[in-house]
Amino acid sequence: MAGAYDDRDGKIWMDGKMVEWRDATVHVLTHALHYASSVFEGERCYNGRIFLGVEHSKRLRRSAELLDMEIPFSVEEIEAAKYAMLKANGWTDAYVRAVAWRGSGEDMGVSAKRNPVRLAIAGWEWGNYYGDAKTKGAKLDIAKWKRPSPETIPSAAKAAGLYMICTMSKHAAEAKGCSDAMMFDYRGYVAEATGANIFFVKDGEVHTPLADCFLNGLTRQTVIGMLKEKGVTVHERHIMPEELEGFEQCWLTGTAAEVTPVGQIGDFSFEVGALTLDVAASYEKLVRA
């Protein structure tokens, strides 16, 4: 698949029915377009099976609830819709994007209780999120924007509005020749990349930021479980910026990123080491099992 995302052949599931790709549109006065009342999920299908599909669908509904929205489809209906979309497009390996939003209706101010909550599920064939970084290691900038306090945002929700500073940070990183940016949180602790969680290795043990103000990713949770099964000690804790100099290895996790080694963050360098490669290989084996 190539070209603009609004001009492709294929099918998209939308509000209970399959529609032609180019017809999957919304009105310009859709509430979500003006007020960011939208949540979404990114998932990957491997060999005909969506990895952690049910968990993603449950989180989609929880995210909507945190934004005071109720998705009018059950987890089971969302799962059926995802597989119907994949079948309609003839895909067994694809990225899946489910998105729920407040549509256009009787309200066009901040409040939108009378507007319907809509749901669409699309997909596309997507390779490595960071290109050749899986072998060479991604190069990360350090973002000037920080993940905000959970007192200011619903940080447990995968909400579209929370990605605004991520887009800005990634644009700035790409302008410097980097693949992505690492973000600190509002307290100055290491947080995550713009769309992926982050892990570090020191003396054979793994350290990852405590997910207390950003999304506790499903891939993150999967990798932590894998590491513990391997007998590797995992520290979920607050990490200070000055600690970056002492870490030996680093990787990112996420549905799109999968497990991607990091070779550089700002002025700090990391090796694409044995543990990083082992985790990446183990994750690849797990999702295709």
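Report on the accompanying structure. Computed from a predicted model, the values in this text were never measured in an experiment. (Residues numbered from 1 in each chain as written. Predicted model: local features only at pLDDT ≥ 70, side-chain atom pairs only at ≥ 80, totals over all residues. Heavy atoms only, no water.)

With that settled, consider the state of the cysteines. Under the defined criterion, the tally for this structure stands at zero disulfides. C213 supplies the cysteine sulfur nearest to C166, a cysteine that is in no disulfide, at a spacing of 12 Å. (Disulfide = S-S within 2.5 Å.)

Phi is positive for D15, which is not a glycine, with a value near 55°. Structurally, D15 can be placed in the loop between β1 (11-14) and β2 (17-20). By relative accessible area, which is 30% here, D15 ends up partly exposed. (Helix = DSSP H or I, 4+ residues; strand = E, 2+ residues; numbered from the N terminus. Buried < 20%, exposed > 50% of the residue type's maximum accessible area, 1.4 Å probe, protein only.)

Once that is clear, we can look at the pairing of strand β5 (residues 94-102). By the criterion of burial, β5 is predominantly enclosed, with seven of the nine residues buried. Pairing of strand β3 (residues 38-46) with β5 involves eight bridges; the strand directions are antiparallel. From the neighbouring strand, G42 faces β5, where its bridge partner is R97. Looking at chain direction, β5 and strand β6 (residues 117-124) are connected through eight bridges and run antiparallel. (Pairing = 2+ DSSP bridges.)

What follows concerns the pairing of strand β7 (residues 138-142). One ladder, built from three bridges, connects β7 with strand β14 (residues 258-265); its direction is parallel. Note that in β14 the partner of A138 across the bridge is V262. Of the strand pairs in this sheet, β7 and strand β8 (residues 180-184) are connected by three bridges, and their pairing is parallel. The residue of β8 that forms the bridge with I142 is M182. In this region the chain leaves β7, passes through helix α5 (residues 164-175) and returns to the parallel neighbour β8; the handedness of that crossover is right-handed. (Right-handed = clockwise from strand over helix to strand, strands pointing away.)

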